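Structural description and commentary
Listed below, chain by chain, are the residues.
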Amino acid sequence: MLPRNDLLQGTEHPKMLTRILDQAEQALKTWEVVQTDFLSPPEVVEVQARLARLTELQGVAWGGYPQAERQRFALARAELPLAPDPVDLTLLAISGNFLFDPATHRDFLGAILGTGIVREKVGDILVMGERGAQAIVIPAIAEFLQQSLTQVRTVPVKTEILPWAELRVREPRTKEITTVEASMRLDAVASAGFGMSRSKMGALIGTGDVRVNWKTVTQASYVVKPGDLVAIRGKGRLTIGEVTLTKKDRYRMQLTRYY
């Protein structure tokens with residue numbers, strides 16, 4: 001049996017983690033590979049950290065491409081060899097003419113959930129502009145969506161399974177930023193990286209809209225470090241690169257913003 005109390009202590013996602021531990025115990029008991037539903041980025045980070053404490057279990061996460069935000073885990077005994085692609089995924093094309101009625105990520109997700117599918121069965125959705133979108137889903141729901149997903153906003157769509165060779169991932173736009181700050185406080189670094197006032201950034205932090213390494217941080221005084229990732233809901237991400245001290249003991253840092 002897994003040390004559940006220790007593994008659940010301090011978790012931000014108790015229901016999710018309890019479900020994962022149930023599946024982990026199933027994998028240990030049956031000597032089979034057990035696959036989870038899709039997890040959000042904060043959930044992925046937490047599961048990876050908790051599973052790292054278990055020598056008898058291995059967990060491999062995959063979402064269809066290296067930068068995927070939402071991922072599934074394959075859970076298995078440490079002794080069990082895993083296939084190169086142990087996580088089952090299906091790529092769907094949601095095709096229609098969106099030239100005169102553009103649809104957003106929210107629109108495509110809303111249309112999928114409107115068929116009765118729950119969020120945990122759906123991975124990343126890649127919007128393709130006026131052509132529609134591609135969606136990564138659990139294979140068990142692919143045929144259902146082919147039949148049931150026929151409209152997004154006012155646009156009729158055709159939903160079909162695609163070979164993975166046709167996956168189209170847009171490389172994120174980046175901006176390199178050099179800034180000098182008096183401290184490594186989250187509000188100071190993030191305001192410089194996202195180009196907004198420190199007071200506005202402090203308000204976003206206070207309302208829980210800012211995450212560091214996918215964990216919500218609500219203290220503006222939180223100290224970040226090189227290698228950290230800062231994400232703001234709806235505004236993209238920021239990574240902290242090299243940090244050096246100036247002659248006046250201020251912090252010169254290299255930041256990369258992803259749009």
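The structure displayed is predicted, hence computed values, not measured ones.

On to the sheet that holds strand β9 (residues 158-162), then. Strand order across the open sheet formed by four strands is β5-β6-β4-β9, with antiparallel pairing between neighbours. Of all strands in the sheet, those with a lone pairing partner are β5 (122-127) and β9, marking the two edges. Within this sheet the neighbouring strands show an average axis-to-axis angle of 25°, counted without direction. Pairing of strand β4 (residues 90-95) with strand β6 (residues 132-137) involves six bridges; the strand directions are antiparallel. Pairing of Leu92 across the sheet is with Ala135, part of β6. On top of the sheet, helix α4 (residues 105-113) reaches β4, β5 and β6; it is set at about 140° to β5, its chief contact.

It is worth spelling out helix α6 (residues 186-194) at this point. Across the nine residues of α6, eight count as buried, placing the element largely inside the fold. The set of residues buried in α6 consists of Leu186, Asp187, Ala188, Val189, Ala190, Ser191, Gly193 and Phe194. Looking at the buried side of α6, the elements it contacts are β10 (174-181), α7 (198-206), β11 (210-212), β13 (229-232), β14 (236-245) and β15 (251-258).

Let's shift gears to the UniProt feature "domain: RNA-binding S4" (unreviewed entry) in the protein chain. Those residues carrying the UniProt feature "domain: RNA-binding S4" (unreviewed entry) are residues 184-244 in this numbering. This span, residues 184-244, is 30% helix and 30% strand, and a straight line between its end C-alpha atoms measures 11 Å.

Conventions and cut-offs
- Residues numbered from 1 in each chain as written.
- Predicted model: local features only at pLDDT ≥ 70, side-chain atom pairs only at ≥ 80, totals over all residues.
- Heavy atoms only, no water.
- Pairing = 2+ DSSP bridges.
- Helix = DSSP H or I, 4+ residues; strand = E, 2+ residues; numbered from the N terminus.
- Axes fitted to C-alpha atoms, helices over the stretch in contact; angles between N-to-C directions.
- Contact = heavy atoms within 4.5 Å.
- Buried < 20%, exposed > 50% of the residue type's maximum accessible area, 1.4 Å probe, protein only.
- UniProt positions renumbered as here; feature names shortened; annotations may be inferred.

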